[in-house]
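Examining the three-dimensional arrangement
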Amino acid sequence: MNETRLQFETPDSGEEAARAELYGLLSMLFYQAPDAPLLAAIAAAPAEGEGELPAAWRALQAACAAADPAAVRDEYDSLFVGTGKPEVFLYGSYYMSGFLMEKPLALLRVELAKLGLERSDAMPETEDHIAALCDVMRVLITSDDVLHGSIATQRQFFGAQMQPWVQQLCDAVAAHAQAHFYRHVAALAGAFFAVEMQAFDMS
C-alpha cells in the first residue's frame, strides 16, 4: 500500500486506470488513517464531472483540505480499532455471517488461492478486510494476465466477496456519530461501489 503509486485520475473518467487508482486509494484510507502528504494530494487532485461519485469526490477533497492529520488518526482508531471491539467492523465475515474468522473468510481464501493470490506476511489484517479486498480489485484491474484482468473475473470476485456487504459497511460508517472525516470516505466508497455494481450488471 504505497501511496506514491497513486496518480489521482478523475474518478468518473471511466478508464480502467482510474478504477484501479480509486480502489487503491480506498484501500489505503481503510487500512490506516491518511498522513498529511496523502491528505494534501487528495485535496489537490483533479475534480470534474457531475453526479453522485464526482460530488462525493469533491466532498472528500474538501474534508482533506480542512483535516488535521492527528484528529483523523484519532478518529480512525476510535472507529475501527477501539478497545475490546471496534465501533465499526471492516471485515466481510462480520457482515456476511455475524462473526469474525468464519466461513466467508475460508471461502475467500479458497478463491484467492485459485487466482494465485495470498496475503503478504507484512499484512496484519485478514483477507476479508475491506482494504485487502480493494487491493485485490486493484490487482485484478491492472493485471496483464488474461484471467486476472478479465471483466468476468473482476465481476465474479466483486459479486461474491464485496457486493453482499460493502454498502452495509459504508452506511454504518456514514451513520456513526464519531465519523467526521470518514463519513466522506464512506460516501465516496459507497458511490463508487454502486457504480461498480451497475457496470458489472451491464457487462
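You'll find the structure just up there.
Heads up: these notes are all about the structure in this document. (Residues numbered from 1 in each chain as written. Predicted model: local features only at pLDDT ≥ 70, side-chain atom pairs only at ≥ 80, totals over all residues. Heavy atoms only, no water.)

1. Observations concerning the pattern of salt bridges
If you walk through the whole model with that rule in mind, you get five salt bridges. In this structure, Glu16 and Arg19 form a salt bridge, with 2.8 Å as the shortest nitrogen-oxygen distance. Of this pair, Glu16 and Arg19 both sit in helix H1 (residues 16-31), three residues apart, roughly one helical turn. Using a relative accessible area of 37% as the deciding quantity, one classes Glu16 as partly exposed. (Salt bridge = Lys/Arg side-chain N within 4 Å of Asp/Glu carboxyl O. Helix = DSSP H or I, 4+ residues; strand = E, 2+ residues; numbered from the N terminus. Buried < 20%, exposed > 50% of the residue type's maximum accessible area, 1.4 Å probe, protein only.)

2. Examining the environment of Phe181
By secondary structure assignment, the location of Phe181 is in the loop between helix H9 (166-175) and helix H10 (182-202). Each residue touching Phe181, except ones within four places of it in the same chain, is listed here: Pro34, Leu39, Leu60, Ala63, Cys64, Ala67, Val72 and Glu75. (Contact = heavy atoms within 4.5 Å.)

3. A closer look at helix H6 (residues 103-114)
If you check H6, its first and last C-alpha atoms are 17 Å apart, about what 12 residues at 1.5 Å a residue would give, namely 16 Å. All of the buried residues along H6 are Pro104, Leu105, Leu108, Glu111 and Leu112. One side of H6 carries all its buried residues, which in axial view fall inside an arc of 120°. Exposed side of H6, more than 90 degrees from the buried face: Lys103, Ala113 and Lys114 are the residues found there. Looking at the buried side of H6, the elements it contacts are helix H5 (92-97), helix H7 (130-142) and helix H8 (151-161). Positive backbone phi, at 75°, marks Gly116, one or two positions downstream of H6. (Expected span 1.5 Å × (residues − 1). Arc of directions from axis to C-beta.)

4. Observations concerning the packing of aromatic side chains
Counted under the stated rule, the structure contains 14 aromatic pairs. For the pair Phe158 and Phe193, a centre-to-centre distance of 6.2 Å together with 55° between the ring planes defines the contact as tilted. Of this pair, Phe158 sits in helix H8 while Phe193 sits in helix H10, and the two are 35 residues apart along the sequence. Exposure class is identical for Phe158 and Phe193. Each is buried. With a centroid separation of 5.4 Å and 75° between ring planes, the pair formed by Phe181 and Tyr182 is classed as edge-to-face. The buried category is assigned to Tyr182, whose relative accessible area is 0%. (Phe/Tyr/Trp six-rings, centres within 6.5 Å; stacked < 30°, edge-to-face > 60°.)

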